[in-house]
Amino acid sequence: MSVSAESAVGHDELAVLKLLALEGGLEGDVKISCSRLADRLEASNQTASRRLQRLEASDLLERDTVSDGQWVAVTDAGERALHAEYEDYRRIFESDPEVELEGTVTSGMGEGRHYISLSGYKRQFAERLGYEPFPGTLNVDLREDSVRRRSAMASLEPVSIDGWEDEDRTYGPAVCHPAIVETADGERYEEAHIIAPERTHHDEDQLEVIAPEKLREEIDLEDGDRVTVTVGDRR
């Protein structure tokens, strides 16, 4: 989603997206006219039309205009936006918001080991997470439904890791979220964290998990094993 498209979508457009989802727009195409939508919004036809256009331009909605209305469907990106709104309300009404993600363990490229071992990050991990991580990450390939649900993490308060530089290069900031890793057999590791670059839309289908100990050994994990990662607010 482009910056300009993202900025065009506000609470009014998300209210329209919610109405369309309630009409069945998450399951497939639903037919609606601007006049009917305007009545629901207590707004003009032109206003209803503009909001649909902004949702479409932001890739949150697909539209096909016909003579007596239009067929619309909420996209995967639209569903993620609604999930994020849902998690905001959970934070208001529930005392302990969490996001549960499921996937399978996979081998990474080894980059996590290098970056986690850098002194500028290690110092901050010790100060802000309370430990120096094992030099390596547990990589988890997320299921498709968990990829969509991952956007709800935006409503959780992270632990920020600042960017820094040395004589050779600059290293970017990152965010960490407390996480519990549970195996299919019910073994749990409760002192882990999700780590990710502070600003990225890439690799949303993968999680990188850090912990004080080697998770593969502590809870007996191998490539292909199913795990559930429960992510919460900073502690």
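Residues numbered from 1 in each chain as written. Predicted model: local features only at pLDDT ≥ 70, side-chain atom pairs only at ≥ 80, totals over all residues. Heavy atoms only, no water.

Regarding the overall build of the chain
Move 1: Across its full length, the chain carries nine helices and 12 strands.
Move 2: When the backbone C-alpha atoms are referred to their principal axes, the chain occupies close to 60 × 45 × 35 Å.
Move 3: Residues counted as buried form 43% of the 235 residues belonging to the chain.
Move 4: Taking the contacts inside the chain whose residues are at least 6 apart along the sequence as the reference set, 66% of them involve residues at least 24 apart.
Move 5: As displayed, the chain has an accessible area near 13300 Å², and 42% of this comes from carbon and sulfur atoms. (Helix = DSSP H or I, 4+ residues; strand = E, 2+ residues; numbered from the N terminus. Buried < 20%, exposed > 50% of the residue type's maximum accessible area, 1.4 Å probe, protein only. Contact = heavy atoms within 4.5 Å. Areas by Shrake-Rupley, 256 points an atom, 1.4 Å probe, with all protein chains shown as cover.)

Observations regarding helix 7 (residues 119–128)
Move 1: All of the buried residues along helix 7 are Gly120, Tyr121, Gln124 and Phe125. Buried residues along helix 7 cover an arc of 130 degrees about the axis, so they all sit on one side. For helix 7, exposure combined with an orientation more than 90 degrees from the buried face picks out Ser119 and Glu127.
Move 2: Looking one or two places after helix 7, you find Gly130, whose phi comes out positive at around 90 degrees. (Arc of directions from axis to C-beta.)

Digging into the side chain of Gln70
Move 1: Structurally, Gln70 is set in strand 3 (residues 69–74).
Move 2: Among the polar contacts made by the side chain of Gln70, one reaches the side chain of Arg63 at a distance of 2.7 Å.
Move 3: Beyond its immediate stretch of four places on either side in the chain, Gln70 contacts Val30, Lys31, Ile32, Cys34, Leu52, Arg63, Asp64 and Thr65. (Polar contact = N/O pair within 3.5 Å; in protein donor to acceptor, adjacent residues only side chain to side chain.)

Side note on the pairing of strand 2 (residues 61–66)
Along a regular strand, successive side chains alternate from one face of the sheet to the other.
Move 1: Direction of pairing for strand 2 relative to strand 3: antiparallel, over a ladder of six bridges. Following the sheet pairing, Val66 is matched in strand 3 by Gly69.
Move 2: Counting the residues between successive antiparallel strands, the hairpin from strand 2 to strand 3 contains two residues. (Pairing = 2+ DSSP bridges.)

Some remarks on the environment of Ala196
Move 1: Within the fold, Ala196 resides in strand 10 (residues 188–197).
Move 2: Using a relative accessible area of 16% as the deciding quantity, one classes Ala196 as buried.
Move 3: C-alpha of Ala196 to C-alpha of Cys176: the two residues are 20 residues apart in sequence and 6.7 Å apart in space.
Move 4: For Ala196, the residues in contact, after removing those within four places along its chain, are Arg150, Ala174 and Val175.

Overview of the pattern of salt bridges
Move 1: On inspection of all chains with the given rule, the structure shows 18 salt bridges.
Move 2: Between Arg143 and Asp145 there is a salt bridge; the shortest N-O distance is 2.9 Å.
Move 3: For Asp145, a relative accessible area of 24% corresponds to the partly exposed category.
Move 4: The partner of Glu190 in a salt bridge is Arg188, with the nearest N and O atoms 3.3 Å apart.
Move 5: Among the residues examined, Glu190 registers a relative accessible area of 40% and is labelled partly exposed.
Move 6: Connected through salt bridges with shared partners, the residues Glu102, Arg143, Asp145 and Arg149 form a single ionic network. (Salt bridge = Lys/Arg side-chain N within 4 Å of Asp/Glu carboxyl O.)

Some points on the confidence of the model for the chain
Move 1: For the chain, mean pLDDT is 87; residues scoring 70 or higher make up 92% of the total.
Move 2: Note that pLDDT drops below 50 for residues 1–7; the model gives that stretch six contacts with residues more than four away or on any other chain. (pLDDT = per-residue confidence, 0-100.)

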